[in-house]
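Topology and contacts: notes
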Amino acid sequence: MSHMAREPYANFWPKVTDTAFVANSADLIGDVTIGEHASIWYHTTLRADINKIVIGDYSNIQDNSCIHLADDYGCYVGNYVTVGHGVILHACTVEDECLIGMGSTILDGAVIGRGSVVGANSLVTKGTIIPPNSLVLGSPAKVVKDLGPESQANNRKWAEKYVKVATRYTERVINPGF
């Protein structure tokens, strides 16, 4: 049975906009903010107990992902970001219009520049600063290519697709015969 948890921590309750989709099995704990038309998918945990987590507008955090933080760093995900299945974001910043590939890990203080793509199963180590529009691969992750500004538009399309998919889920809740 699914159980979406929205739990307080130290008097901070998660804040979720009315247009966001949060799957029933997702866990949001503490100082979490979910933006307009964002989606948080199944079995995903966002635990903001020692700092804050902010998920931007039109961004999606896919199934089985985990977002946490550190005393010195919150976790910030910009607008139109796609975070693939099974990703760990720990105390990092992902700027607008990025794509974070499945199974990737991004560690404390790392910043993923706008329009970048982090390939599947990449490990972005502590404090790494990735320039905008970069293709990042490997463990430890390295910039392998400049994708140019068109990367932002391509990544935005993935995020927009997830907005459409999430809308179908919310319509189904409103109209069970959908």
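Preceding block: the structure.
The sections below set out a description of the structure shown in this document.

How each quantity is defined
- Residues numbered from 1 in each chain as written.
- Predicted model: local features only at pLDDT ≥ 70, side-chain atom pairs only at ≥ 80, totals over all residues.
- Heavy atoms only, no water.
- Phe/Tyr/Trp six-rings, centres within 6.5 Å; stacked < 30°, edge-to-face > 60°.
- Helix = DSSP H or I, 4+ residues; strand = E, 2+ residues; numbered from the N terminus.
- Buried < 20%, exposed > 50% of the residue type's maximum accessible area, 1.4 Å probe, protein only.
- Core = buried A, V, L, I, M, F, W, Y, C linked by side-chain atoms within 4.5 Å.
- Contact = heavy atoms within 4.5 Å.
- Polar contact = N/O pair within 3.5 Å; in protein donor to acceptor, adjacent residues only side chain to side chain.

1. Brief notes about the packing of aromatic side chains
Enumeration over the complete set of coordinates arrives at eight aromatic pairs. On the numbers, 5.3 Å between centres and 40° between planes, the contact of Phe21 with Tyr169 is tilted. Of this pair, Phe21 sits in strand β3 (residues 21-22) while Tyr169 sits in helix α1 (residues 150-174); the two residues are 148 residues apart in sequence, bridging distant segments of the chain. For Phe21, a relative accessible area of 8% puts it in the buried group. Residues Trp41 and Tyr169 carry aromatic rings whose centres are separated by 5.1 Å and whose planes lie at 80° to one another, so their mutual orientation is edge-to-face. A residue pair is termed long-range when its members are at least 10 positions apart, and Trp41 in the loop between β5 (39-40) and β6 (45-55) and Tyr169 in helix α1 qualify at 128 residues. Note on Trp41: relative accessible area 4%, which makes it buried. For Tyr169, a relative accessible area of 23% corresponds to the partly exposed category.

2. Some thoughts on the nonpolar core
If you look at the biggest cluster of nonpolar residues, it comprises 33 residues, and the most contacted ones within it are Ile55 and Leu89. Going through the elements one at a time, β4 (27-34), β6 and β9 (75-77) are the ones with two or more residues in this core. Sort the elements by how many residues they give to this core and β6 lands first, with four residues. What Ile55 contacts, discounting residues up to four positions off in sequence, is Thr33, Ile34, Gly35, Ala38, Ile40, Leu46, Ile61, Ile67 and Val77. Counting residues in each nonpolar core, the second largest holds five residues, with Phe21, Ala23, Trp41 and Ala166 among its members.

3. As for the environment of Glu95
Considering the arrangement of structural elements, one finds Glu95 in the loop between β12 (93-94) and β13 (99-100). A relative accessible area of 32% means that Glu95 is categorised as partly exposed. Distance in space between the C-alpha atoms of Glu95 and Gly113 is 5.5 Å, their sequence separation being 18 residues. Beyond its immediate stretch of four places on either side in the chain, Glu95 contacts Gly78, Val81, Val111, Ile112, Gly113 and Arg114. A polar contact is formed between the side chain of Glu95 and the backbone nitrogen of Arg114, at a distance of 3.0 Å.

4. Focus: unusual backbone geometry
A cis amide bond links Ser139 with the next residue in sequence, Pro140, at an omega value of 0°. Phi at His43 is positive, roughly 60°, even though this residue is not glycine. Here His43 lies in the loop between β5 and β6. Under the relative-accessibility criterion, His43 is labelled exposed at 52%. Backbone geometry places Ala91, a non-glycine residue, at a positive phi of 55°.

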